[in-house]
Amino acid sequence: MAISFEPSDRLVEAANEWAEQRMMEDERALEVKVEQALLEIEHLVSGGTEVTFEVEDGGERVRFSPSDDLETFLERQAEESGLSAERLLRLHVDLFANVFLEEDAERPPNAPPTE
């Protein structure tokens, strides 16, 4: 089963920050942030280290094929919460939207570049 969801504003903002930090195109940065978030979720639920997804329509939709374990997990949460599996996945992705973003304010001014 594939799950499709619209990226949240929080995810898009994190991707834009990622793009600015790494001087890359916004759409590519969104793909990277989506992949990071989905990998974190998949790994926590199933132990998986790979995800299959597509960012479609210029960043308007994400289509994701979860592992059987993650699909079962989302279906169980959907039954318990009354929310759709798509909505739950979007909420989980939002939780990981800022993973791996660097805070320049936390780095000493004389620190060498990270790239």
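For clarity, every value in this text was computed on a predicted model and none was experimentally measured.

Conventions we followed
- Residues numbered from 1 in each chain as written.
- Predicted model: local features only at pLDDT ≥ 70, side-chain atom pairs only at ≥ 80, totals over all residues.
- Heavy atoms only, no water.
- Helix = DSSP H or I, 4+ residues; strand = E, 2+ residues; numbered from the N terminus.
- Buried < 20%, exposed > 50% of the residue type's maximum accessible area, 1.4 Å probe, protein only.
- Contact = heavy atoms within 4.5 Å.
- Areas by Shrake-Rupley, 256 points an atom, 1.4 Å probe, with all protein chains shown as cover.
- Pairing = 2+ DSSP bridges.
- Axes fitted to C-alpha atoms, helices over the stretch in contact; angles between N-to-C directions.
- Salt bridge = Lys/Arg side-chain N within 4 Å of Asp/Glu carboxyl O.
- Parallel < 35°, antiparallel > 145°, perpendicular 65-115°, else oblique.
- Nonpolar A, V, L, I, M, F, W, Y, C, P; charged D, E, K, R; others polar.
- Left-handed = near helix turned anticlockwise from the far one by under 90°.

K.L.:
Any chance you could explain the overall build of the protein here in plain terms?
P.N.:
Helices and strands together make up the secondary structure of the protein, namely four helices and three strands. For the protein, the proportion of its 115 residues judged to be buried stands at 37%. Nonlocal contacts in the protein, meaning residues at least 24 apart in sequence, comprise 58% of its contacts between residues at least 6 apart. Of the accessible surface of the protein, which amounts to about 7100 Å², a share of 46% is contributed by carbon and sulfur atoms.

K.L.:
Is there a simple way to think about helix H4 (residues 85–95) in this case?
P.N.:
Spacing of three or four residues puts side chains on the same side of an α-helix, whose turn is 3.6 residues. Every buried residue belonging to H4 is among Ala85, Leu88, Leu89, His92, Val93 and Asp94, and all of these are buried. Those residues of H4 hidden inside the fold are in contact with strand S1 (3–5), helix H1 (9–22), helix H2 (26–46), strand S3 (61–65) and helix H3 (68–81).

K.L.:
Quick question: what am I supposed to make of the sheet that holds strand S2 (residues 52–56) here?
P.N.:
In sheet architecture, strand pairing relies on hydrogen bonds along the backbone and comes in two forms, parallel and antiparallel. Strand order in the open sheet formed by three strands is S1-S3-S2, with antiparallel pairing between adjacent strands. Because the sheet does not close on itself, it has two edges, and the strands there are S1 and S2. Averaged over neighbouring strand pairs, the angle between their axes works out to 15° when direction is ignored. Here S1 runs beside S3; their pairing, made up of three bridges, is antiparallel. Its bridge partner being in S3, Ser4 is matched across the sheet by Arg63.

K.L.:
How should the pattern of salt bridges be read in this particular structure?
P.N.:
Where charged atoms of side chains with opposite charge meet at close range, the side chains can pair. As enumerated under the stated definition, the model contains two salt bridges in all. The closest approach of N and O atoms between Glu31 and Arg28, which form a salt bridge, is 3.2 Å. Linking Glu31 with Arg28, this pair stays in helix H2, spanning three residues, or about one helical turn. Taking relative accessible area as the criterion, Arg28 reaches 41% and is therefore assigned partly exposed.

K.L.:
So what exactly am I meant to see when it comes to the packing of H3 against H4 here?
P.N.:
Angle between the axes and distance between the axes: these two values describe a pair of packed helices. Across the interface, H3 lies against H4 with an axial gap of 9 Å and an inter-helix angle of 105°. Overall, the two elements H3 and H4 adopt an arrangement that is roughly perpendicular. On H4, the residues that touch Phe73, Leu74, Gln77, Ala78 and Ser81 of H3 are Ala85, Leu88, Leu89 and His92. The class makeup of the residues in the contact of H3 with H4 is six nonpolar, three polar and no charged.

K.L.:
I tried to follow the packing of H1 against H2 on my own but got confused; where do I start?
P.N.:
Two numbers describe how H1 lies on H2: the axes approach to 8 Å, and their chain directions differ by 115°. Read as a crossing pair, H1 and H2 show a hand that is right-handed. Together, Leu11, Ala14, Ala15, Asn16, Trp18 and Ala19 of H1 and Asp26, Ala29, Leu30, Val32, Lys33, Val34 and Gln36 of H2 make up the contact between the two elements.

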